[in-house]
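Coordinate analysis (summary)
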Amino acid sequence: MSSIMNPNNILAALNSLKSELPLLTGKEGWKTINYEFDTLKLELQDCNDPEESDRLASELIDLLIPYKDARDRLREEIRLQYIQTVLRDTIETDLPAFAAKIGVDNKIVEPSAAVVLKSIVVDLDQEESGVRLIKIKEGGMGEGKTVKIRNFHLDLVSMTELIASSIITVTDPLVVVAGVLHIIGILTKAITIQLSEQETSVFWGLVLAQKADSTPKEDLIMKHTNNERVKNGRFPLTNERVRDALLRLEKLKSVELVEGKQDTWRIVEKYAIK
């Protein structure tokens, strides 16, 4: 299953937002970046090299970062494109197995995929709605995960109407309901992102560092991270490894650099310690 921030999802999101971007960046802002943006997007569309595609996609995002409305709208559109990709993958891989398991023809449960897709609603204006949560073990031991189903829900009225209309083609509408519930489970798993042992360890180090200083610098984060690692029988991390983990957590919107302060970080996501 592909990651959320991959070039295909980013390109699909940018194509979807094509008509909105001039308004989201403002007329003057769009004039400033329009030519470079179109050039990079065309290059990304024609690119077959994975590393070059990653670079082009990153540069396109960088162009929009100074414009908050465009940046936020793009982030949510990328998420929606990812959900749709997962849904397509589910139709091709998981749904046939699920149909066989409940003893019906795959073509009978396929309408459930359309029901979910048409019922997805992304709440662009509700930044704190839903769930954003990091789950790690005390001491930063082992891997963790971050659940990001914020700004995503199903329109139950729409879903009910679609299920009702499917009675025409499906013998038992409960089969479609079962398919819907199965796909919702797949989507929820898809947006649960696993954290590596190092990322979990550094996040725990930042938790401890913030108790000593509400906005700790990287050297303090590294100190707490490595103290805990040594205490639990693990090798300490280098400056570069700690920095790489923080940058990865930043991409996941779990931590952020403090504005106006160099190498200073804070947690921006709720967390739970097991």
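Keep in mind it's a predicted model, so treat the numbers as computed, not measured. (Residues numbered from 1 in each chain as written. Predicted model: local features only at pLDDT ≥ 70, side-chain atom pairs only at ≥ 80, totals over all residues. Heavy atoms only, no water.)

A separate point is the pattern of salt bridges. Tallied over the full model, the rule gives 15 salt bridges. The salt bridge involving E28 is made with K31; its shortest N-O contact spans 4.0 Å. Highlighted residues: E28 and K31, both in helix α3 (residues 27-46), separated by three residues, approximately one helical turn. Take E28 and K31: they sit in the same class, and that class is exposed. Salt-bridge contacts for R75 lead to D72; the nearest nitrogen and oxygen are separated by 3.2 Å. In this pair, R75 and D72 are both assigned in helix α5 (residues 68-92), three residues apart and thus about one turn of the helix distant. (Salt bridge = Lys/Arg side-chain N within 4 Å of Asp/Glu carboxyl O. Helix = DSSP H or I, 4+ residues; strand = E, 2+ residues; numbered from the N terminus. Buried < 20%, exposed > 50% of the residue type's maximum accessible area, 1.4 Å probe, protein only.)

Where helix α1 (residues 7-16) is concerned, the buried positions are P7, N9, I10, L11, A13 and L14. N-cap assignment for α1: the residue whose side-chain oxygen lies 2.9 Å from the backbone N of N8 is N6. (Polar contact = N/O pair within 3.5 Å; in protein donor to acceptor, adjacent residues only side chain to side chain.)

This brings us to α3. Between its first and last C-alpha atoms α3 spans 28 Å; for 20 residues at 1.5 Å apiece the expected length is 28 Å, and the two agree. I33 marks the point of greatest bend in α3, at about 50 degrees. Of the residues making up α3, those classed as buried are G29, W30, I33, F37, L40, K41 and L44. Looking at the buried residues of α3, the elements they touch are α1, α2 (21-25) and α4 (50-64). (Expected span 1.5 Å × (residues − 1). Bend = angle between axes of the 7 residues up to and from the residue. Contact = heavy atoms within 4.5 Å.)

Moving on: the packing of α3 against α4. Across the interface, α3 lies against α4 with an axial gap of 9 Å and an inter-helix angle of 155 degrees. Looking at the two axes, α3 sits roughly antiparallel to α4. Between α3 and α4 lies a crossing of left-handed hand. In this structure, α3 uses I33, E36, F37, L40, K41, E43 and L44 to contact α4, whose residues at the interface are S53, L56, A57, E59, L60, L63 and L64. (Axes fitted to C-alpha atoms, helices over the stretch in contact; angles between N-to-C directions. Parallel < 35°, antiparallel > 145°, perpendicular 65-115°, else oblique. Left-handed = near helix turned anticlockwise from the far one by under 90°.)

Direction vectors running N to C along α1 and α4 enclose 40 degrees, while the axes themselves pass 9 Å from each other. Considering the angle they form, α1 stands oblique to α4. Where α1 crosses over α4, the two elements pack in a sense that is left-handed. Contacts from P7, I10 and L14 of α1 reach α4 at S53, D54, A57, L60, I61 and L64. Here the contact of α1 with α4 is composed, by residue class, of seven nonpolar, one polar and one charged. (Nonpolar A, V, L, I, M, F, W, Y, C, P; charged D, E, K, R; others polar.)

The next point concerns the side chain of K41. Here K41 is to be found in helix α3. We note that K41 is buried and unpaired, the nearest opposite charge coming from D38 at a distance of 5.7 Å. Of note is the side chain of K41, whose polar atom sits 2.9 Å from the side chain of N15. Among all residues touching K41, those that are not within four sequence positions of it are L11, L14, N15 and L60. (Lys, Arg positive; Asp, Glu negative; His and termini not counted.)

Counting residues in each nonpolar core, the largest one holds 45 residues, and the members touching the most others are L14, L21, F37, L64 and L74. Tallying contributions element by element places helix α10 (residues 197-212) first for this core, with seven residues. (Core = buried A, V, L, I, M, F, W, Y, C linked by side-chain atoms within 4.5 Å.)

Looking at the protein chain as a whole, its pLDDT mean stands at 76, while 62% of the residues score no less than 70. The secondary structure element of the protein chain with the lowest average pLDDT is strand β4 (residues 153-154), at 56, and the one with the highest is α3, at 93. Of the regions scoring below 50 in pLDDT, residues 123-131 engages in 16 contacts with residues more than four places distant in sequence or in other chains. (pLDDT = per-residue confidence, 0-100.)

Okay, the environment of P7 next. Turning to its location among the elements, P7 is positioned in helix α1. For the pair P7 and Q45, spaced 38 residues apart in sequence, the C-alpha to C-alpha distance is 9.4 Å. Those residues within four positions of P7 in sequence are excluded, and the remaining contacts are L44, S53, D54 and A57.

Look at D263: it is not a glycine, yet its phi comes out positive at around 55 degrees. Considering the arrangement of structural elements, one finds D263 in the loop between β6 (255-257) and β7 (265-267).

Note that S53 resides in helix α4. What makes S53 buried here is its relative accessible area of 8%. When the C-alpha positions of S53 and N6 are compared, they lie 8.8 Å apart, and in sequence the two are 47 residues distant. Setting aside its immediate chain neighbours within four residues, S53 contacts P7, L44 and C47.

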